[in-house]
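Understanding the architecture of this molecule
Residue strings, one per chain:
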Number of protein chains: 2
Amino acid sequence: MHEPALAVKEVERAAKLPGMRGFYIATQVRGKDLSDASFLPVYERIEASRLPLFLHPVEVIGHERLGVYYLTNLLGNPFESAIAAAHLIFGGILDRFPKLVVCLPHAGGAFPWLVGRLNRGWEKRADLKHVKHSPVDYLRRFYYDTVGYSDHVLEYLVKVIGADRVLMGSDYCFPIAYERPVDIVTAHPRLDEDQKKKIVDGNARHLLGL
Amino acid sequence: MHEPALAVKEVERAAKLPGMRGFYIATQVRGKDLSDASFLPVYERIEASRLPLFLHPVEVIGHERLGVYYLTNLLGNPFESAIAAAHLIFGGILDRFPKLVVCLPHAGGAFPWLVGRLNRGWEKRADLKHVKHSPVDYLRRFYYDTVGYSDHVLEYLVKVIGADRVLMGSDYCFPIAYERPVDIVTAHPRLDEDQKKKIVDGNARHLLGL
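Here we summarise the structure given alongside this text. These numbers come from a predicted model, not from an experiment.

**With respect to the sheet that holds strand S6 (residues 142-145) of chain A**
Residues and elements named next belong to chain A. Strand order in the open sheet made by the five strands is S1-S4-S5-S6-S7, with parallel pairing throughout. Bordering the open sheet on either side are strand S1 (23-26) and strand S7 (166-167), each of which pairs with just one other strand. Pairing geometry for strand S4 (residues 53-56) and strand S5 (residues 102-104), over two bridges, is parallel. Note on S5: the bridge partner recorded for Phe54 is Cys103.

Shown next as structure tokens:
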């Protein structure tokens, strides 16, 4: 079982510790997606702490099926960010907690690419109209790291969502981690110096209060 | 159970029918992913027929979990194209059948966005090195439709993969179908006339032998 009441206590305790810069939650917690009402008190405390909330998958969707070709990581992890973002949007979490800051791993996973499809669902489906804004309007409620393994992905994040919403990431300690994560940004052929500086320096300073 | 022997017979029968323009297979057939060896005789006959193979999901990954907010369609369907493409690449199907032509639905789903991540896996993981080329090299082995619900997605497909690999789609009969699918292409702000003509006309003529 999951223990949101204990999580609330831990948020309250940890938020006061010296050097604390953020919280982390899995993209699904023991079978509960992030729109689950049991998480509301946790989000409330995290929003009140003014610290950002980082997401990362633990157990990915369809992990038995994705158990070949390293697909649990190569596809399952980025699928998870899209599912989590959809739950935070359609579950009304981002509306209810307007100051909650959420960071998606793996360059947002499949979310930034599929947001148009989520948007189209919102336009056409009466059962999704309870959300105030269209999914595209929520793109800038999230931060994204640079771990997309593609100049095109990074360019899209910067130009479509904004250079102020992208943070340098490394995926350090996993087999596919960048060896030189700064170079991924500074050597990008189509970003300008101001955008690069924000991504490797300014955005993290701002977000983490450094 | 799935019945590849019956599928082989059906391919042989149907390929000779007047007006036949292509075949279709689900992205997963009764629990078997598309790299399953039982499909090899089916792919062999389809390749020999010189007709293209269209993919579309039937039952999507994690469909119980995705049973809210219409996510089985909004996310599950595009996830399926990425899984299917990964199996066709890492399962060696595209190497074994070099003339097999495969069309991915939903603008390739999550595949064109996550191909960089698949590529990175191929670079770093010894267990994926059996494939001749990097996943990015296989992007042009697929056709993609325009059902991405985003000018950015369509632009990426055209500029990164090629205007000759994109086909107009409508998603007709589903709730999120385009009302005016031709306009999605012709009104695109950043494609040129030659690219638009290929997508709404020339590519389909070529692919379907019209």
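**Here's the deal with the interface of chain B and chain A**
Taken together, the contact pairs 53 residues of chain B with 53 residues of chain A. Carbon and sulfur atoms make up 67% of the area that chain B and chain A hide from each other, which totals about 4,800 Å². Considering only the surface of chain B that becomes buried against chain A, Arg65, Trp113 and Arg117 of chain B emerge as the three largest contributors, covering 23% of it. The interface formed by chain B and chain A includes eight salt bridges. Note that Asp33 of chain B and Arg65 of chain A form a salt bridge whose closest N and O atoms lie 2.8 Å from each other. Applying the counting rule to chain B against chain A returns 20 residue pairs in polar contact (both at pLDDT 80 or more). Those elements that place two or more of their residues in the side of chain B that touches chain A are helix H3 (71-90), helix H5 (111-124) and helix H6 (151-161) of chain B. No other element matches the 13 residues that H3 of chain B contributes to the side of chain B that touches chain A. Within the side of chain B that touches chain A, the residues separate by chemical class into 31 nonpolar, 14 polar and eight charged.

**Concerning the environment of Phe39 of chain B**
You can see Phe39 of chain B is positioned in the loop between strand S3 (32-33) and helix H2 (40-49). Separated by twelve residues in sequence, Phe39 of chain B and Leu51 of chain B place their C-alpha atoms 16 Å apart.

**Some details on the sheet that holds strand S1 (residues 23-26) of chain B**
Residues and elements named next belong to chain B. Taking strand neighbours across the sheet as the criterion, the five strands line up as S1-S4-S5-S6-S7 in an open arrangement whose pairing is parallel. The sheet is open, and its two edges are formed by S1 and strand S7 (166-167), each paired on a single side. Pairing analysis gives two bridges linking strand S6 (residues 142-145) to S7, with the strands arranged parallel. Within the sheet, the bridge partner assigned to Asp145 lies in S7 and is Leu167.

**Some words on the relation of the copies chain B and chain A**
Rotating chain B by 180° about the axis while translating it 0.0 Å along that axis superimposes it on chain A, leaving an RMSD of 0.0 Å. Such values leave the two copies arranged in the relation of a two-fold axis. Closest approach to the rotation axis within chain B is made by the C-alpha atom of Gly62 of chain B, at a distance of 2.6 Å.

**Considerations on a nonpolar patch on the surface**
Residue and element names in this part refer to chain A. Nonpolar side chains collect at one region of the surface, where Met168, Val182 and Val200 lie side by side and expose about 200 Å² of accessible area between them. Inspection of the secondary structure assignment puts Met168 in the loop between S7 and helix H7 (181-186). With relative accessibility at 32%, the residue Met168 sits in the partly exposed group.

Definitions and cut-offs
- Residues numbered from 1 in each chain as written.
- Chains lettered and ligands numbered in written order.
- Predicted model: local features only at pLDDT ≥ 70, side-chain atom pairs only at ≥ 80, totals over all residues.
- Heavy atoms only, no water.
- Pairing = 2+ DSSP bridges.
- Helix = DSSP H or I, 4+ residues; strand = E, 2+ residues; numbered from the N terminus.
- Contact = heavy atoms within 4.5 Å.
- Buried area = accessible area lost by both parts, 1.4 Å probe.
- Salt bridge = Lys/Arg side-chain N within 4 Å of Asp/Glu carboxyl O.
- Polar contact = N/O pair within 3.5 Å; in protein donor to acceptor, adjacent residues only side chain to side chain.
- Nonpolar A, V, L, I, M, F, W, Y, C, P; charged D, E, K, R; others polar.
- Least-squares fit on C-alpha atoms with pLDDT ≥ 70 in both.
- Patch = residues over 30% accessible without salt bridge, like charges linked within 9 Å, V, L, I, M, F, W, Y side chains within 5 Å.
- Areas by Shrake-Rupley, 256 points an atom, 1.4 Å probe, with all protein chains shown as cover.
- Buried < 20%, exposed > 50% of the residue type's maximum accessible area, 1.4 Å probe, protein only.

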